[in-house]
Amino acid sequence: MGSATVSSRAILLLFAGLVFAREQNATVSSLSLNELNKKVIAAKAPVIVVGFVGGFVRHDNAVHSPVLLASRIRDGYPSGVHVEVFENRRREQAYQEILKLLDADHDGKLTEEEKRGSQIIIYGMSWGGSETVALARELGEQKIPVLLTIQVDSVAKVGQNDAVIPANVAEAANFYQADGLLHGQTEIRAADGASTRILGNFRFEYSDKTLKCENYPWYDRVFMKSHTEIECDPAVWGQVESLIRSKLPPAGRNERGARELR
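Residues numbered from 1 in each chain as written. Predicted model: local features only at pLDDT ≥ 70, side-chain atom pairs only at ≥ 80, totals over all residues. Heavy atoms only, no water.

Chemist: Got a minute to help me understand helix H5 (residues 127–141) in this structure?
Modeler: Note that an α-helix has 3.6 residues per turn; residues three or four places apart therefore point the same way. Over its 15 residues, H5 extends 21 Å from the first C-alpha to the last, a length consistent with the 21 Å expected when each residue adds 1.5 Å. Burial runs high along H5: 11 of the 15 residues are buried. Considered for burial, the residues of H5 that qualify are Gly 128, Gly 129, Ser 130, Glu 131, Thr 132, Val 133, Ala 134, Leu 135, Ala 136, Glu 138 and Leu 139. Packing partners of the buried residues in H5 comprise strand S1 (47–52), helix H3 (91–102), strand S3 (119–125), strand S4 (146–152), strand S5 (164–165) and strand S6 (169–176). (Helix = DSSP H or I, 4+ residues; strand = E, 2+ residues; numbered from the N terminus. Expected span 1.5 Å × (residues − 1). Buried < 20%, exposed > 50% of the residue type's maximum accessible area, 1.4 Å probe, protein only. Contact = heavy atoms within 4.5 Å.)

Chemist: Hey, could you run me through the side chain of Asp 179 in this one?
Modeler: Of note, Asp 179 is situated in the loop between S6 and strand S7 (189–190). Buried charge without a partner: Asp 179 forms no salt bridge, and the closest opposite charge is Arg 203, 4.3 Å away. With residues near it in sequence (within four places) discarded, Asp 179 still touches Arg 203, Glu 205, Tyr 206, Ser 207 and Ser 226. (Lys, Arg positive; Asp, Glu negative; His and termini not counted. Salt bridge = Lys/Arg side-chain N within 4 Å of Asp/Glu carboxyl O.)

Chemist: Looking at this structure, I do not really get the packing of H3 against H5. What am I missing?
Modeler: Helices that pack against each other are described as a pair by the angle of their axes relative to one another and the distance between those axes. The N-to-C vectors of H3 and H5 enclose an angle of 45 degrees; their axes lie 10 Å apart at closest approach. Taken together, the axes of H3 and H5 lie oblique to each other. Pair H3 / H5 crosses with right-handed handedness. Where H3 approaches H5, its residues Arg 91, Glu 92, Ala 94, Tyr 95 and Ile 98 are matched on the opposing element by Glu 131, Ala 134, Leu 135, Glu 138 and Leu 139. (Axes fitted to C-alpha atoms, helices over the stretch in contact; angles between N-to-C directions. Parallel < 35°, antiparallel > 145°, perpendicular 65-115°, else oblique. Left-handed = near helix turned anticlockwise from the far one by under 90°.)

Structure representation (structure tokens):
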């Protein structure tokens, strides 16, 4: 009888051990799955391309190069890349949109992983160039990195500094012309040369040539001739597009649009 009792207890202990081990393995598997899910969620954040138009131009005015560029890139990337253009007075709207897109698990706050996984490109024309730097700086305050900023004939707004690129930006490029009543920032520089690579300050001349800039307002073509011409110059925007596409996933590359622009 005693021997039978011992055997029964041994069987019960063995069974309990097996159940405990199974539950423990299930817990470990669950934790591993949760970690994997977090990584998958973070990886789903799209590449974000934000453009700013200049002056009082509407964000959907397809006459202007920043809007046309966004349309071409959007057509080439039906998924995995989010492209949006904003009026230069809508920087806060652009900022909130970026935060929303980075919040891949939709919990209302950004984790360090979500911030580190961000892939953001910002470009802008005229006042939009100034807002490009201002938005990058605002993102830097939240420790959100930016892959690339591009300014085209950037004109600084009151209280803004469009010449110094913040340290959270990996690469920056500046395209400008120096003629006429209104011209852009001639030189951008890095706040931290170890963190930011300045790709170049590229000057374009329009004194000896005239671009038609069809459908642009006559007063822009007359009173802001060179400033308008750099905005409608396919040579400039072909380079801008190439820089942006160099940061996008190869699988979505649409070279035909870039070649046609040139």
